[in-house]
Amino acid sequence: MIAARARSLGPALVLAMALPTSVLYSVGAVGAQITATFGVSRSALGALPAAVFATAAVLSLWSGGLVDRIGARAALFTLFAVAASAFLLMGLATGYAGLVAAMVLSGVGQAMSNPATNLAITESLGPADRAGAVGRKQAGVQLSALVVGLAAPLLTELAGWRAVLLAGAPLAVAALVVTGTAVPARPLARRAFSWRPARPNHYLGLLMVFLAALGSGVSGVATFTVLYSQERLHQGPAVSAVLIAALGVAGVASRLLWSRHAAALPLLSPLLRRLSGGAAASALLIWSAARLGPGALWAGTVGVGATAVGANAVAMVLIVRDRRCGPLGPSSALLSLGFFAGFVAGPVPLGLLADHCGYGPAWLTVAALFLLAAVLAGRVLRHEAADRPG
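Conventions and cut-offs
Residues numbered from 1 in each chain as written. Predicted model: local features only at pLDDT ≥ 70, side-chain atom pairs only at ≥ 80, totals over all residues. Heavy atoms only, no water. UniProt positions renumbered as here; feature names shortened; annotations may be inferred. Helix = DSSP H or I, 4+ residues; strand = E, 2+ residues; numbered from the N terminus. Rg over C-alpha atoms; globule rule 2.2 N^0.38 Å. Buried < 20%, exposed > 50% of the residue type's maximum accessible area, 1.4 Å probe, protein only. Contact = heavy atoms within 4.5 Å. Areas by Shrake-Rupley, 256 points an atom, 1.4 Å probe, with all protein chains shown as cover. Lys, Arg positive; Asp, Glu negative; His and termini not counted. Charge placed at Lys NZ, Arg CZ, Asp CG, Glu CD. Expected span 1.5 Å × (residues − 1). Arc of directions from axis to C-beta. Phe/Tyr/Trp six-rings, centres within 6.5 Å; stacked < 30°, edge-to-face > 60°. 1 Å grid on protein atoms, 1.4 Å probe; cavity = no way out; pocket = protein on both sides within 12 Å on 5 of 7 lines; lining within 4 Å. Points joined across faces, edges and corners; volume = space filled by probe spheres on them. Nonpolar A, V, L, I, M, F, W, Y, C, P; charged D, E, K, R; others polar. Axes fitted to C-alpha atoms, helices over the stretch in contact; angles between N-to-C directions. Parallel < 35°, antiparallel > 145°, perpendicular 65-115°, else oblique. Left-handed = near helix turned anticlockwise from the far one by under 90°. pLDDT = per-residue confidence, 0-100. Core = buried A, V, L, I, M, F, W, Y, C linked by side-chain atoms within 4.5 Å. Polar contact = N/O pair within 3.5 Å; in protein donor to acceptor, adjacent residues only side chain to side chain.

Per an unreviewed UniProt entry, the protein chain goes by Major facilitator superfamily (MFS) profile domain-containing protein and derives from Actinoplanes palleronii. As recorded by UniProt, the Subcellular location (unreviewed entry) comment attached to the protein chain reads in full: "Cell membrane".

Here is the structure:
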């Protein structure tokens, strides 16, 4: 019974991670249609994912404690109900303000995704199986990029660009059903919920700043590569949208690979530093595509997926296995807050740079953010090594 439940838990966890984040990739895939339909700038397009992650960042101060209070099953039910509502509002919006409102609603589900899934893993699986489960569910984020990137051109051709935004609603409803059968109810709460915001210790705080720098760069790549491909490299919309799929394929593979590799490592921050350095080199490839051609853009996009995206999963493995960061629910939410803050801070300034200075300075800024993450990973290493028990 337990083994069967553990097997069926996987799809619920993947959907919990994939659906809230798919909003980012959906906006990127139909960014040209959104800017044309609503007459908005590239920086306004960047404000849409920023609204998601700004909401998620603020709510992450309380979402971990709430998830610990109500349990993984109730938290996942709430997440999927909110996601279904957000997709419907997003696809039916008649103006830019409606899209922003849908983004804010999506942020509610985003804030609950990591604490809810991490708690479900620790409640349902043994320690030996947790790192692999974390990698698989984190890969759901990039799986959404793959699905959106492949489906968006076809859906746009058959039913218009709004169909891309509406497609997540039936998936969220299906996820509600899966959760009901896969995740056990918890009759009693572990602790009382407090409205006092969670606060990180120094160790967790360093990891949060690391993920903020990483998230700023990843958000720029996810939001603007399609527009860059179309406007500077003159690739067609369908070809450009497949860039999102390429990012997704690389991200799925890297999160599975690096999280499994991390399970055998005594220290994880050296791996985080190497992955961040690789992401910086990948961003420079994207920057060079204006001179070297589309091949550099594709290589750089895949490189970011293989490095920066995988680093996020490695950091989440660290949280699950290293309890010095604090209680799992609040620490998972706070770590997510760091990544969300990066997604808030990244798209709008990068869009402004692209609007007023061109794409070159924007991509160089992305590379600098990834280099900053590598430096921060070195600081994490000193604390991880010094504080390691035994």
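1. Looking at the overall build of the protein chain
Per the secondary structure count, the protein chain includes 15 helices and zero strands. Taken against the 2.2 N^0.38 rule, which gives 21 Å for 390 residues, the C-alpha radius of gyration of the protein chain at 19 Å falls within 12% of a compact globule. Across its three principal axes, the protein chain shows a C-alpha extent of roughly 55 × 45 × 35 Å. Within the span of the protein chain, comprising 390 residues, buried residues form 57% of the whole. Taking the contacts inside the protein chain whose residues are at least 6 apart along the sequence as the reference set, 85% of them involve residues at least 24 apart. Carbon and sulfur atoms make up 69% of the accessible area of the protein chain, which totals about 14,300 Å². Of the side-chain charges in the protein chain, 26 are positive and 9 negative, and the distance between the mean point of each set is 5 Å.

2. A few points about unusual backbone geometry
Not every positive phi belongs to a glycine, and His234 is a case in point at roughly 60°. You can call His234 exposed: its relative accessible area is 66%.

3. Quick notes on helix H8 (residues 168–182)
In an α-helix, one full turn covers 3.6 residues, which means residues spaced three or four apart are oriented alike. End to end, H8 covers 20 Å across 15 residues, agreeing with the expected 21 Å (1.5 Å per residue, within 8%). Those residues of H8 not exposed but buried are Gly168, Ala169, Ala172, Ala175, Thr179 and Ala182. Buried residues in H8, looked at end-on, bunch into an arc of 145°, giving them a common side. Opposite the buried face of H8, at more than 90 degrees from it, the exposed residues are Pro170, Val177 and Thr181.

4. Points about the packing of aromatic side chains
On inspection of all chains with the given rule, the structure shows three aromatic pairs. Measuring from ring centre to ring centre gives 6.0 Å for Phe38 and Trp161, while their planes differ by 85°; the resulting arrangement is edge-to-face. Residue Phe38 is found in helix H2 (residues 31–38), and its partner Trp161 is found in the loop between helix H6 (127–159) and helix H7 (162–166); the two are separated by 123 residues along the sequence. An aromatic cluster is built from Tyr228, Tyr359 and Trp363, whose rings are joined through pairwise contacts.

5. Details of the environment of Asn201
You can see Asn201 is positioned in the loop between H8 and helix H9 (202–231). What makes Asn201 partly exposed here is its relative accessible area of 31%. If we ignore the near neighbours within four places in the chain, the residues touching Asn201 are Arg324, Cys325 and Gly326.

6. So, the environment of Ala51
Note that Ala51 resides in helix H3 (residues 42–70). With a relative accessible area of 14%, Ala51 lands in the buried category. Separated by 247 residues in the primary sequence, Ala51 and Trp298 have C-alpha atoms spaced 28 Å apart. Sequence-distant contacts of Ala51, that is, excluding residues within four places in its chain, are made with Val100, Met103 and Val104.

7. Here we look at empty space enclosed by the protein
To locate leftover empty space, one rolls a probe as large as a water molecule over the atoms. Going through the model one piece at a time under the given rule, you end up with three cavities of 30 Å³ or more. Looking at the largest cavity, its volume works out to about 150 Å³. What lines the largest cavity is a set of 18 residues, among which Thr21, Gln110, Val141, Asn312 and Phe339 lie closest to the centre. Taken together, the elements giving at least two residues each to the lining of the largest cavity come down to helix H1 (2–29), helix H5 (96–124), H6, helix H12 (294–321) and helix H13 (328–345). Residue composition of the lining of the largest cavity, by class: 10 nonpolar, seven polar and one charged.

8. Considerations on the packing of H9 against helix H14 (residues 347–356)
The relative placement of two packed helices comes down to the angle between their axes together with the axis-to-axis distance. Running from N to C, H9 and H14 cross one another at 55°; their axes reach a closest spacing of 9 Å. Taken together, the axes of H9 and H14 are oblique relative to one another. As H9 packs across H14, the resulting crossing turns out to be right-handed. Between H9 and H14, the residues in contact are Ser216, Ser219, Gly220, Thr223 and Phe224 and Pro347, Leu350 and Gly351, respectively. Classifying every residue of the contact of H9 with H14 by side-chain character gives three nonpolar, five polar and no charged.

9. Quick notes on the confidence of the model for the protein chain
It should be kept in mind that the predicted coordinates are not to be read in detail where pLDDT is low. Looking at the protein chain, the pLDDT average stands at 82 and 92% of residues meet or exceed 70. Per-residue pLDDT, averaged within each element of the protein chain, yields its smallest value for H1 (76) and its largest for helix H11 (residues 269–292) (93).

10. Thoughts on the environment of Val314
As for its placement among the helices and strands, Val314 is situated in helix H12. Under the relative-accessibility criterion, Val314 is labelled buried at 0%. The spacing of Val314 and Ile121 is 193 residues in sequence and 16 Å in space, taken between C-alpha atoms.

11. Side note on the nonpolar core
Counting residues in each nonpolar core, the largest one holds 121 residues, and the members touching the most others are Tyr25, Ile34, Phe210 and Phe370. The biggest single contributor to this core is H9, with 16 residues. If we skip the residues at most four places from it in the chain, Ile34 touches Val27, Gly39, Val40, Leu45, Leu48, Leu99 and Trp161.

12. Overview of the side chain of Asn114
By secondary structure assignment, the location of Asn114 is in helix H5. On the basis of relative accessible area, Asn114 is assigned to the buried category, the value being 7%. A polar contact is formed between the side chain of Asn114 and the side chain of Lys137, at a distance of 2.8 Å. Residues in contact with Asn114, not counting those within four places in the same chain, are Met17, Lys137, Gln138, Met316, Ser332 and Ser336.

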